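Breakdown of the fold
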There are 2 protein chains.
Amino acid sequence: MAGSSEPTRVMVAVNESSIKGYPHPSISSCAAFDWMLSKLVRSNTGGFHLLFLHVQVPDEDGFDDMDSIYASPADFQTMKQRDKIRGLHLLEYFVNQCHQLEINCEAWIKQGDPKEVICSEVKRVQPDLLVVGSRGLGPFQRVFVGTVSEFCVKHADCPVITIKRKADEAPQDPVDD
Amino acid sequence: MAGSSEPTRVMVAVNESSIKGYPHPSISSCAAFDWMLSKLVRSNTGGFHLLFLHVQVPDEDGFDDMDSIYASPADFQTMKQRDKIRGLHLLEYFVNQCHQLEINCEAWIKQGDPKEVICSEVKRVQPDLLVVGSRGLGPFQRVFVGTVSEFCVKHADCPVITIKRKADEAPQDPVDD
């Protein structure tokens, strides 16, 4: 193909599993990653450059710390440090896989509302394609949960591909991931 | 990449230009096709199998025939024959390009409401990915025009990627394509 010198830059938004806990990627993140490897990258590992973005939600993380006591600025520092380490473990999973497959990649963490941060990072980094996983919730569940993928399809400044989990991978409560 | 024996089957929905007339593909169809070649297929031409679907809208075609007189069943036959030939010319453009690039492809024509036919063909053919072009209309224009791409993102039974025309390719009236 003419003009294929620059690799295709694919941003992949990844998040933690709500069932298995933080260092584990969510079912939909894994589904999106695996789909992209097997259907788009395929054997052409040199033709793609993957950009993994993990957005940490500060409030949500705070929930786990309900029983903690924050008595000094240092306590918050410890918490932030721990969050950072958990985020790094999540990204490590994806970066390790890329390393084994010899696919170039970068990974980084941001804090905030995932849907807004993903779109602002797309604006900043300008990937060729954004891949997001989706729990594939029905319209009723969607009202209460909100979906990152739908927001990105509408608002991200690049083509977006949404990958749903397989039906047999959905947990008992489909809001889990 | 393991398990990449079967090529990735990408369905591409294509339509005619509303400015240049029938045998010419629309700006957004060309944008979607070119994007897919340069960003996904790249040099890996053997890894992809392209499926071109063109949906002809029977009523819309009738508009061009306002001055014609249909006096016998044979007249309708002639019209249908001519429509078919025009559709084939459109598909020929894409099939020729694939042939030059040595990418396997198939192409076919269906009649009906494009958004519904595309989704029912996805159900029947089960591609790995659907690529649709989009005029990138604003919300106000969308109300009156309806967009095929938005419908497919919601209802197609496979991952969907929507490719917008580049801003500098949009015609004076953005509803044109």
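Everything that follows concerns the structure shown earlier in this document.
Residues numbered from 1 in each chain as written. Chains lettered and ligands numbered in written order. Predicted model: local features only at pLDDT ≥ 70, side-chain atom pairs only at ≥ 80, totals over all residues. Heavy atoms only, no water.

1. Some details on the overall build of chain A
- In terms of regular secondary structure, chain A is built from 6 helices and 7 strands.
- Going residue by residue from the N terminus, the α and β elements of chain A occur as β-β-β-α-β-α-α-β-α-β-α-α-β.
- Sorting the 177 residues of chain A into buried and exposed places 42% on the buried side.
- Excluding contacts between residues fewer than 6 apart, the proportion of contacts in chain A whose partners are at least 24 apart in sequence is 78%.
- For chain A, the exposed surface amounts to about 9500 Å²; the carbon and sulfur share of it is 52%. (Helix = DSSP H or I, 4+ residues; strand = E, 2+ residues; numbered from the N terminus. Buried < 20%, exposed > 50% of the residue type's maximum accessible area, 1.4 Å probe, protein only. Contact = heavy atoms within 4.5 Å. Areas by Shrake-Rupley, 256 points an atom, 1.4 Å probe, with all protein chains shown as cover.)

2. A word on the packing of aromatic side chains
Residue and element names in this part refer to chain A.
- All told, the structure shown has 8 aromatic pairs over all chains when counted by the stated rule.
- Considering the side-chain rings of Tyr93 and Phe94, the 4.9 Å spacing of their centres and the 90° angle between planes classify their relative orientation as edge-to-face.
- With a relative accessible area of 30%, Tyr93 lands in the partly exposed category.
- Put simply, the rings of Phe33, Phe52, Tyr93 and Phe94 pair up and form one aromatic cluster.
- Seen from the ring of Phe151, Lys115 lies directly overhead, with NZ or CZ sitting 5.6 Å from the centre. (Phe/Tyr/Trp six-rings, centres within 6.5 Å; stacked < 30°, edge-to-face > 60°. Lys NZ or Arg CZ within 6 Å of the ring centre and 35° of its normal.)

3. Describing the packing of helix 4 (residues 114-125) of chain B against helix 6 (residues 148-155) of chain B
All names here are of chain B.
- It is at 9 Å that the axes of helix 4 and helix 6 come closest, and there the two elements cross at 30°. Considering the relative orientation of helix 4 and helix 6, their crossing is right-handed. Here Pro114, Lys115, Glu116, Ile118 and Cys119 of helix 4 come into contact with helix 6, specifically with Val148, Phe151, Cys152 and His155.
- Here the residues of the contact of helix 4 with helix 6 are counted per class, giving 6 nonpolar, 1 polar and 2 charged. (Axes fitted to C-alpha atoms, helices over the stretch in contact; angles between N-to-C directions. Left-handed = near helix turned anticlockwise from the far one by under 90°. Nonpolar A, V, L, I, M, F, W, Y, C, P; charged D, E, K, R; others polar.)

4. Considering the pairing of strand 6 (residues 129-134) of chain A
Residue and element names in this part refer to chain A.
- Most of strand 6 is tucked away, with 5 of its 6 residues classed as buried.
- As paired strands, strand 1 (residues 8-14) and strand 6 are joined by 4 bridges and run parallel to one another. Bridge pairing in strand 6 links Met11 to Leu130.
- Where strand 6 and strand 7 (residues 160-164) come together, 5 bridges link them in parallel fashion. Across the sheet, the residue bridging to Val132 is Thr162, located in strand 7. (Pairing = 2+ DSSP bridges.)

5. Looking at the pattern of salt bridges
- According to the stated counting rule, one finds 10 salt bridges over all chains in the structure shown.
- Residues Lys123(A) and Asp157(A) are paired through a salt bridge, measuring 3.8 Å at the closest nitrogen-oxygen approach. Linking Lys123(A) in helix 4 (residues 114-125) with Asp157(A) in the loop between helix 6 (148-155) and strand 7, this pair joins segments that are 34 residues apart in sequence. Each member of the pair Lys123(A) and Asp157(A) is classed as exposed.
- When the shortest N-O distance is used, the salt bridge between Asp177(B) and Arg165(B) registers 3.0 Å. Separated by 12 residues along the polypeptide, Asp177(B) in the segment after strand 7 (160-164) and Arg165(B) in the segment after strand 7 bring together distant segments of the chain.
- The buried category is assigned to Asp177(B), whose relative accessible area is 5%.
- Arg165(B) sits in the buried class, given a relative accessible area of 8%. (Salt bridge = Lys/Arg side-chain N within 4 Å of Asp/Glu carboxyl O.)

6. Observations concerning the relation of the copies chain B and chain A
- Note on the identical chains: chain B maps onto chain A by a rotation of 180° and an axial translation of 0.0 Å, with an RMSD of 0.0 Å. As the rotation angle and translation indicate, the two copies are arranged about a two-fold axis. No C-alpha of chain B lies nearer the rotation axis than that of Ile161(B), which sits 2.7 Å from it.
- The overlap is high: 100% of the interface residues of chain B also sit at the interface in chain A, so the same surface is used on both sides. (Least-squares fit on C-alpha atoms with pLDDT ≥ 70 in both.)

7. With respect to the packing of helix 1 (residues 27-41) of chain B against helix 3 (residues 73-101) of chain B
All names here are of chain B.
- Running from N to C, helix 1 and helix 3 cross one another at 15°; their axes reach a closest spacing of 12 Å. In this view, helix 1 runs roughly parallel relative to helix 3, as classed from their interaxial angle. Judged by the twist between their axes, the crossing of helix 1 over helix 3 is right-handed. In contact with Ser29, Cys30, Phe33 and Leu37 of helix 1, helix 3 contributes Tyr93, Phe94, Gln97, Cys98 and Leu101.
- Here the residues of the contact of helix 1 with helix 3 sort into 7 nonpolar, 2 polar and no charged. (Parallel < 35°, antiparallel > 145°, perpendicular 65-115°, else oblique.)

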